[in-house]
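Architecture at a glance
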Amino acid sequence: MDKLLIRGGKRLSGEVTISGAKNAALPILCAGLLTADDLRLTNIPHLQDVLTITKLMKQMGLRVQENGEEVVLNGNDITRLEAPYELVKTMRASILTLGPLLARFGEAKVSLPGGCAIGSRPVDQHIKGLQAMGAEIHIDGGYIYAKAKRLKGARIVTDMITVTGTENLLMAAVLADGETVLENAAREPEVGDLAQLLVKMGAKIEGIGSDRLVIQGVERLHGATHDVIADRIETGTFLCAAAAAGGDVTLRRTRSGLLDAALDKLREAGAILTTGDDWIRIQMAARPKAVSFRTTEYPGFPTDMQAQFMALNCIADGTSHVTETIFENRFMHVQELNRLGAAIDIEGNTSIVKGVDKFIGAPVMATDLRASASLVIAGLAAQGETLIERIYHLDRGYDRMELKLSSIGADIERVK
Ligand code: EPU
């Protein structure tokens, strides 16, 4: 299994191009199931999760032509309306095939995703919403079996804000009979990006970007071309890396308006940020200052940036409180950061981080995607060598991270 070896202490300087967003690309690829026409998608990131979802959809009969960051999908010959456990267990986002399959073909069999490293993550809201639209759903042998001749528009109020839940119900509603209102909808930019694509395909959606989506179902959707939105979490991760290691880095093909809450925290930590239409520059000369925050749904501070900011706080001046409100078990990085010399205590869903002068390199283990990113950031700032094991977690969600980092001066290499 691959590992990452980082010799820390190098300042970062130069330019990095940000890739398309993982969490937009995954639902957008699933939207290929909604039409028999071609869907031409650009800015698709090179990620293991993207390979997994395309593998799943090829099994269903979707034709996929890949050419670098461009992918053309054709759903004229979908024959298998099933997402098997073998693939769903490796990637929960496979649940995003449920809504489109049911809406277009009236039937779907999708494995229930199990728990995962960051929490139990049930999909009851996806099921509740589809049932409200008239689907008959039963669970047997670990699979969700769903049927509906044609889904019917409904008013759906989810118990909590759910990103993939909103996306699944949105993809179901666009082909349903009549009007669907999704209340308490997730406002994450990736949901908005999916909605924009659906509109290009002929869907009728109002309220994009708000917590109330109103959808008038149509008979069929047609082909479209779409450029996937920039990855705000990759953007934030590189900003944290520069803030922790020090330096002067410009990120291209990204948008500052996608991560206001995280940028405010970086400024509070002492970073100088300048931004343009499609770039962000960070300059960091001094030791960071500790910043406290709590994770919330968009536009609040993203849970997907919690671990990376925690790494920054570990070597900051002062003590910070980091509260995780979205997932119940998203502090797996704490013990590993402590192995690198950090001083973090956990009390319930809050981590209390006492800033230390520096990280000292050590072997550590990645436990999930964003936890891995926090270990990379710590390794870049650490004195000496850090060896990170199990980086397959990192490869799921970051596009060639070590190459991008070495291009701006990091001493980082992939070792077997
Ligand atoms: N929830 C339920 N029932 C449901 C759905 C969600 O109880 O039916 C709970 C979850 O257990 C969680 C909360 O609601 O406590 C929010 O979960 P949500 O459904 O919003 O998460 P998700 O859609 O499964 C997406 C991202 C995650 C990101 C979260 C929160 C994708 C493919 N995944 O997950 O991304 O952390 O939203 O923003 O979009 C990552 O990229 O590292 C990652 C984990």
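Attention in this report is confined to the structure presented alongside it. These numbers were taken from a predicted model, which means no experiment stands behind them. (Residues numbered from 1 in each chain as written. Predicted model: local features only at pLDDT ≥ 70, side-chain atom pairs only at ≥ 80, totals over all residues. Heavy atoms only, no water.)

**Comments concerning helix H6 (residues 163-173)**
The buried count for H6 comes to nine of 11 residues, which makes it a mostly enclosed element. Residues of H6 that are buried include every one of Gly165, Thr166, Glu167, Asn168, Leu169, Leu170, Met171, Ala172 and Ala173, and no others. Two or three places before Gly165, at the opening of H6, Thr162 has a side-chain oxygen 2.9 Å from that residue's backbone nitrogen. (Buried < 20%, exposed > 50% of the residue type's maximum accessible area, 1.4 Å probe, protein only. Helix = DSSP H or I, 4+ residues; strand = E, 2+ residues; numbered from the N terminus. Polar contact = N/O pair within 3.5 Å; in protein donor to acceptor, adjacent residues only side chain to side chain.)

**A closer look at the site of the ligand**
As a matter of local geometry, the ligand sits amid 22 residues, with Asp124, Thr162, Thr164, Asp304 and Ile326 nearest to it. With respect to the ligand, the backbone of Val163 contributes an N or O atom lying 2.8 Å from an oxygen atom. One nitrogen or oxygen atom from the side chain of Arg330 is found 3.3 Å from an oxygen atom belonging to the ligand. Relative to its free-state accessible area of 830 Å², the ligand is covered by the protein chains to the extent of 87%. The set of elements that each furnish at least two residues to the shell around the ligand consists of helix H1 (22-30), helix H5 (124-132), H6 and helix H12 (369-381). Here the shell around the ligand gets three residues from one element, more than from any other, and that element is H5. A breakdown of the residues in the shell around the ligand according to their chemical character gives 10 nonpolar, six polar and six charged. (Near = heavy atom within 4 Å. Areas by Shrake-Rupley, 256 points an atom, 1.4 Å probe, with all protein chains shown as cover. Nonpolar A, V, L, I, M, F, W, Y, C, P; charged D, E, K, R; others polar.)

**Observations regarding the packing of aromatic side chains**
Taken as a whole, this structure holds three aromatic pairs when the rule is applied. A ring pair is formed by Phe293 and Phe309, whose centres lie 5.8 Å apart and whose planes are at 75°; its orientation type is edge-to-face. Highlighted residues: Phe293 in strand S18 (residues 293-294) and Phe309 in helix H10 (residues 306-314), separated in sequence by 16 residues. There is no split in this pair, since Phe293 and Phe309 are both buried. Looking at Lys109, its charged tip hangs above the ring of Tyr143, at a distance of 4.6 Å from the centre. (Phe/Tyr/Trp six-rings, centres within 6.5 Å; stacked < 30°, edge-to-face > 60°. Lys NZ or Arg CZ within 6 Å of the ring centre and 35° of its normal.)

**Some details on the pattern of salt bridges**
Under the criterion given, the structure shown has 31 salt bridges. Salt bridges here are not isolated pairs; linked through shared partners, they connect Asp2, Asp395, Glu402, Arg414 and Lys416. (Salt bridge = Lys/Arg side-chain N within 4 Å of Asp/Glu carboxyl O.)

**Section: the side chain of Asp193**
Relative to the helices and strands, Asp193 is located in helix H7 (residues 189-200). Buried charge without a salt bridge: Asp193, with Lys200 as the nearest opposite-charge side chain at an N-O distance of 6.7 Å. A polar contact of 3.0 Å, which involves the side chain of Asp193, links it to the side chain of His226. Looking at Asp193, its side chain comes within polar contact range of the main-chain nitrogen of Ile229, at 3.0 Å. (Lys, Arg positive; Asp, Glu negative; His and termini not counted.)

**Brief notes about the environment of Glu336**
Along the chain, the position of Glu336 falls in helix H11 (residues 333-339). Residue class for Glu336 comes out buried when judged on its relative accessible area of 14%. Residues Glu336 and Asn349 lie 13 residues apart in sequence; the distance between their C-alpha atoms is 17 Å. If we ignore the near neighbours within four places in the chain, the residues touching Glu336 are Val364, Met365 and Leu375. There is a polar contact of 2.7 Å between the side chain of Glu336 and the backbone nitrogen of Met365. (Contact = heavy atoms within 4.5 Å.)

**Digging into the packing of H1 against helix H2 (residues 48-60)**
Between H1 and H2, the shortest axis-to-axis distance is 10 Å and the interhelical angle comes to 5°. The orientation of H1 with respect to H2, classified from their angle, is roughly parallel. Judged by residue contacts, Lys22, Ala25, Leu26, Leu29 and Cys30 of H1 engage Asp49, Val50, Ile53, Thr54 and Met57 from H2. In terms of residue class, the contact of H1 with H2 is built from seven nonpolar, one polar and two charged. (Axes fitted to C-alpha atoms, helices over the stretch in contact; angles between N-to-C directions. Parallel < 35°, antiparallel > 145°, perpendicular 65-115°, else oblique.)

**Regarding helix H9 (residues 260-268)**
In an α-helix there are 3.6 residues to a turn, and that puts residues three or four apart on one side. Of all the residues in H9, the buried ones are Ala262, Leu263, Lys265 and Leu266. For H9, the angular spread of buried residues about the axis comes to 160°, placing them on one side. Residues of H9 that are buried make contact with helix H8 (232-245), strand S16 (272-276), S18 and H10. (Arc of directions from axis to C-beta.)

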